[in-house]
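# Survey of secondary and tertiary structure
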Amino acid sequence: ADNPNHGLYRELRERIPGASEKRLLQFTAACHAGGITHANIGQIAYDEHRGVVHFMAASEIRPPVAVDVKTPSPEPQHSIQRIQRSDQLQAQIQSAIQAQNMQARQQGPQGFVPGG
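Notes on the structure in this doc start here. (Residues numbered from 1 in each chain as written. Predicted model: local features only at pLDDT ≥ 70, side-chain atom pairs only at ≥ 80, totals over all residues. Heavy atoms only, no water.)

### Re the sheet that holds strand β2 (residues 52-57)
In spatial order, the strands read β1-β2-β3; together these 3 strands make up an open sheet with antiparallel pairing. One side of each edge strand has no neighbouring strand; the edge strands of this open sheet are β1 (41-47) and β3 (65-68). The mean inter-strand angle of the sheet, taken between neighbouring strand axes irrespective of direction, is 20°. Its contacts with the sheet place helix α1 (residues 6-15) against β1 and β2, and it is angled at close to 45° to β1. (Pairing = 2+ DSSP bridges. Helix = DSSP H or I, 4+ residues; strand = E, 2+ residues; numbered from the N terminus. Axes fitted to C-alpha atoms, helices over the stretch in contact; angles between N-to-C directions. Contact = heavy atoms within 4.5 Å.)

See the structure below:
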């Protein structure tokens, strides 16, 4: 319950009541990797012909997240590892941004010299 993705999982369980636990974890991991959370999840569309579920963000411009449901759901541990890898990647990106910002502040403003 203290997992930050629990809200997304609950939302998906409510909106896709026939999905198995493994499939719900797969959907949660895919949405999480695509930046879709319980707070911004929008439309969920099922393309029956292709066997693909599309998840859209409601309030942000993001590409939809697509999950092929013709293939079997991965084991729960695989979905959990995908969530963890996504979290690690986001932490690395944030760390790199902070390092760049700190470096830019230390260098100070790069002044414009007219006629330079």
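### Topic: the nonpolar core
Generally speaking, nonpolar side chains in soluble globular proteins are found buried as a group. In this structure, L12, I16, L24, F27, I36, I41 and F55 are the most contacted members of the largest nonpolar core, which totals 17 residues. Top contributing element to this core by residue count: helix α2 (residues 21-33), with 5 residues. Not counting the four nearest positions on each side in its chain, I16 is found in contact with L24, F27, I44 and F55. (Core = buried A, V, L, I, M, F, W, Y, C linked by side-chain atoms within 4.5 Å. Buried < 20%, exposed > 50% of the residue type's maximum accessible area, 1.4 Å probe, protein only.)

### Some words on helix α3 (residues 76-107)
The terminal C-alpha atoms of α3 lie 47 Å apart, and with 32 residues this matches the ideal 46 Å at 1.5 Å per residue to within 8%. Of the positions making up α3, those classed as buried are S79, I83 and S86. Buried residues in α3 make contact with α2. (Expected span 1.5 Å × (residues − 1).)

### Looking at a nonpolar patch on the surface
Together, L89, I93 and I97 line one region of the surface with nonpolar side chains, adding up to about 230 Å² of accessible area. If you trace the backbone, I93 turns up in helix α3. Here I93 falls in the partly exposed class, since its relative accessible area comes to 35%. (Patch = residues over 30% accessible without salt bridge, like charges linked within 9 Å, V, L, I, M, F, W, Y side chains within 5 Å. Areas by Shrake-Rupley, 256 points an atom, 1.4 Å probe, with all protein chains shown as cover. Salt bridge = Lys/Arg side-chain N within 4 Å of Asp/Glu carboxyl O.)

### A look at the pattern of salt bridges
Summed over the entire model, instances satisfying the criterion amount to 4 salt bridges. Here R15 makes a salt bridge to E11, at a shortest N to O gap of 3.5 Å. Taken together, the residues span about one helical turn, with R15 and E11 both in helix α1 at a distance of 4 residues. Accessibility expressed as a relative area gives 35% for R15, which makes it partly exposed. The salt bridge partner of R50 is D47, with a shortest N-O separation of 3.3 Å. Classification of R50 as exposed rests on a relative accessible area of 55%. Of the residues examined, D47 reaches a relative accessible area of 22% and is grouped as partly exposed.

### Thoughts on the packing of α2 against α3
Two numbers describe how α2 lies on α3: the axes approach to 9 Å, and their chain directions differ by 15°. One element, α2, and the other, α3, form an angle in the roughly parallel class. Of the two possible hands of crossing, α2 and α3 adopt the one that is left-handed. Note on element contacts: α3 touches α2 through P76, S79, I80, R82, I83, S86 and D87, opposite K22, L25, Q26, T28, A29, A30, H32 and A33. Within the contact of α2 with α3, the residues separate by chemical class into 7 nonpolar, 5 polar and 3 charged. (Parallel < 35°, antiparallel > 145°, perpendicular 65-115°, else oblique. Left-handed = near helix turned anticlockwise from the far one by under 90°. Nonpolar A, V, L, I, M, F, W, Y, C, P; charged D, E, K, R; others polar.)

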